[in-house]
Amino acid sequence: MRLRITTAFFLVAAISITTSVRTSWSRDAGSVRSPRARELSEPLALAAAKPDKPPAAAAKPKADISTWAKISPAQMAAAKKLGVPVAFENSIGMRFVLIPPGTFMMGSKESAAEVARNCAMPNAGSGWFMDEHPHHKVTLTEAFYMSIHEVTQGAYKTLITPKPKKPKRGEKTVPEKEPAEDLAKAKDANDPAVMISSSAAEQFCKKLGSIGKRKYTLPTEAQWEYACRAGTETPFSFGETISTDQANYHGGYIYGKGKKGKYREKPSPVGSFAPNAWGLYDMHGNVSEWCADRYDKYGNEPVSDPKGPAKGDRILRGGSWRSYPGACRSAFRLRGAGTDGVGFRVCCAIPTKSP
Ligand SMILES: [Ca+2]
């Protein structure tokens with residue numbers, strides 16, 4: 001009974017969070033952030049590591065790239081043409097693969113009504129999926145590197161030190177319901193960092209750049225979808241539907257002809273499932289991932305290297321362990337806040353000189 005109640009709670013929570021964000025389209029980014037998300041994200045501060053000196057974690061020997069990078073011929077060819085490595089591991093053990101330049105169709109090939117039918121949820125109307133249209137041509141003119149994993153707890157804590165939380169006035173102990181309760185579910189170093197605000201994710205990128213010679217950023221929304229699709233046009237990079245053997249999402253729901261599966265109720269260690277065709281893990285599910293862009297409607301015209309408007313809601317992509325599978329599709333767009341299902345991965349530009 002207790003399990004059923006807990007499951008029902010998460011179900012309602014997941015649906016209500018999505019609904020609240022979806023109905024907040026006219027608000028700015030600040031107003032859709034929950035007080036709980038703010039509470040966790042704001043105490044984060046940059047650790048006082050000395051510039052240009054990698055943290056102690058850098059002492060670990062690096063594994064040969066051929067043992068971990070799942071590289072496609074297209075990636076190999078692009079790296080060869082540019083004369084740069086097709087993959088690398090940075091000083092804190094984060095692994096990256098080269099994503100080739102190219103053109104793809106961004107957004108959903110299926111109509112919003114078709115997507116809603118495939119979600120098979122009574123409250124999932126086509127309005128939830130309208131902003132994945134029109135399906136339009138996007139060209140990314142430059143190759144870039146993307147981290148093969150979501151940023152892990154281990155990598156995050158290597159660079160970012162949380163400030164101790166001050167108790168509120170009259171409060172002697174930590175309140176019973178704390179964000180830390182959710183964090184405890186992802187305490188292992190290889191679990192993804194969660195409860196991350198977009199500004200905390202950007203702080204991490206900045207800090208990571210300060211200890212080496214590369215510049216790190218969040219992916220643009222177009223870079224994220226292009227990398228997630230890895231050459232596919234289907235709803236998922238794995239095909240028309242997805243299973244909980246392929247990704248961590250709420251297996252109590254299905255997409256299209258998929259079957260119900262596990263609901264793990266917490267993030268999995270990064271890389272627990274097979275990667276997509278470009279060697280990227282957990283693009284669907286586990287934790288949803290911040291993009292650099294702010295939200296804008298798509299247009300019909302082909303565009304190159306879109307970066308979104310200067311103001312507006314921040315975009316999350318890929319869905320999380322608590323999302324229904326329809327929200328984990330390559331095309332799904334969400335405006336959100338740093339909840340326990342939110343993390344990020346990072347990109348880095350191809351260097352003009354070898355770093
Ligand atoms: Ca993810």
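Our subject in this report is the structure included herewith. Worth saying up front: this structure is predicted, and the values here are computed from it rather than measured.

### Focus on the overall build of the chain
Scanning the chain from N- to C-terminus turns up eight helices and 14 strands. The buried share among the 355 residues of the chain stands at 43%.

### Quick look at unusual backbone geometry
Across the junction of His133 and Pro134, the peptide omega takes the value -5 degrees, indicating a cis bond. Along the chain, Pro134 falls in the loop between α4 (112–119) and β5 (136–140). Its identity is not glycine, yet Ala120 carries a phi of approximately 50 degrees, on the positive side.

### Observations regarding the sheet that holds strand β13 (residues 342–343)
In spatial order, the strands read β12-β11-β9-β13; together these four strands make up an open sheet with mixed pairing. Bordering the open sheet on either side are β12 (333–335) and β13, each of which pairs with just one other strand. Bridge count between strand β9 (residues 288–294) and β13: two bridges; the pairing is parallel. Paired with Ser288 across the two strands is Val342, which belongs to β13.

### A look at helix α7 (residues 198–210)
Taking 1.5 Å of rise per residue, 13 residues should cover 18 Å, and α7 covers 19 Å from first to last C-alpha, within 8% of that figure. Every buried residue of α7 is accounted for by Ser198, Ala200, Ala201, Phe204, Cys205 and Leu208. Down the axis of α7, the smallest arc covering the buried residues is 165 degrees, so these residues share one side.

### Overview of the environment of Ile315
Along the chain, Ile315 falls in strand β11 (residues 314–317). Distance from Ile315 to Ser288, taken between C-alpha atoms, is 9.8 Å for residues 27 residues apart in sequence. Excluding anything up to four places from it in sequence, Ile315 contacts Glu221, Cys291, Asp293, Tyr295, Arg333 and Arg335.

### Structural notes on the sheet that holds β5
The pairing of strands in a sheet happens through backbone hydrogen bonds and is either parallel or antiparallel. Taken in spatial order, the three strands make up an open sheet running β4-β5-β10, and their pairing is mixed. The sheet terminates laterally at β4 (102–106) and β10 (303–304), the two strands that pair on one side only. Sheet topology note: the β5/β10 ladder contains two bridges and is parallel. Counterpart to Val138 in the pairing with β10 is Val303.

### Observations concerning α4
Of the residues making up α4, those classed as buried are Val115, Ala116, Asn118 and Cys119. Viewed end-on, α4 has its buried residues packed into an arc of 160 degrees, placing them on one side of the element. The positive-phi residue at the C-terminal boundary of α4 is Ala120, with phi of around 50 degrees.

### A look at the pairing of β11
Of the two faces of β11, both are covered, the one formed by Arg314 and Leu316 as well as the one formed by Ile315 and Arg317. As judged from the three bridges shared by β9 and β11, these two strands associate in the antiparallel manner. For Arg294, the partnering residue across the bridge sits in β11 and is Arg314. Bridging between β11 and β12 involves three bridges; their strand directions are antiparallel. Residue pairing across strands places Ile315 opposite Arg335, the latter belonging to β12.

### As for the nonpolar core
Core analysis: the biggest nonpolar cluster contains 77 residues, and Val97, Met146, Phe204, Ala227 and Val346 have the highest contact counts within it. Look past the residues within four positions of Ala227 in its chain and what remains in contact with it is Ile99, Met146, Pro219, Trp278 and Leu280.

### Digging into the pairing of strand β6 (residues 144–147)
Where burial is concerned, the two faces of β6 agree: the one with Phe144 and Met146 and the one with Tyr145 and Ser147 are both buried. Taken together, the four bridges between strand β3 (residues 95–99) and β6 define a ladder with antiparallel strand orientation. Directly across from Val97, in β6, lies its bridge partner Met146.

### Remarks on the environment of Asp245
Examined against the element boundaries, Asp245 turns out to sit in the loop between α8 (221–229) and β9. Judged by C-beta crowding, with 11 C-beta atoms within 10 Å, Asp245 ranks as exposed. Counting along the chain gives 17 residues from Asp245 to Lys262, while the straight-line C-alpha distance between them is 8.5 Å.

So, how was this worked out
Residues numbered from 1 in each chain as written. Predicted model: local features only at pLDDT ≥ 70, side-chain atom pairs only at ≥ 80, totals over all residues. Helix = DSSP H or I, 4+ residues; strand = E, 2+ residues; numbered from the N terminus. Buried ≥ 20, exposed ≤ 12 C-beta atoms within 10 Å, placed from the backbone. Pairing = 2+ DSSP bridges. Expected span 1.5 Å × (residues − 1). Arc of directions from axis to C-beta. Contact = placed C-beta atoms within 7 Å. Core = buried A, V, L, I, M, F, W, Y, C linked by C-beta atoms within 7 Å.

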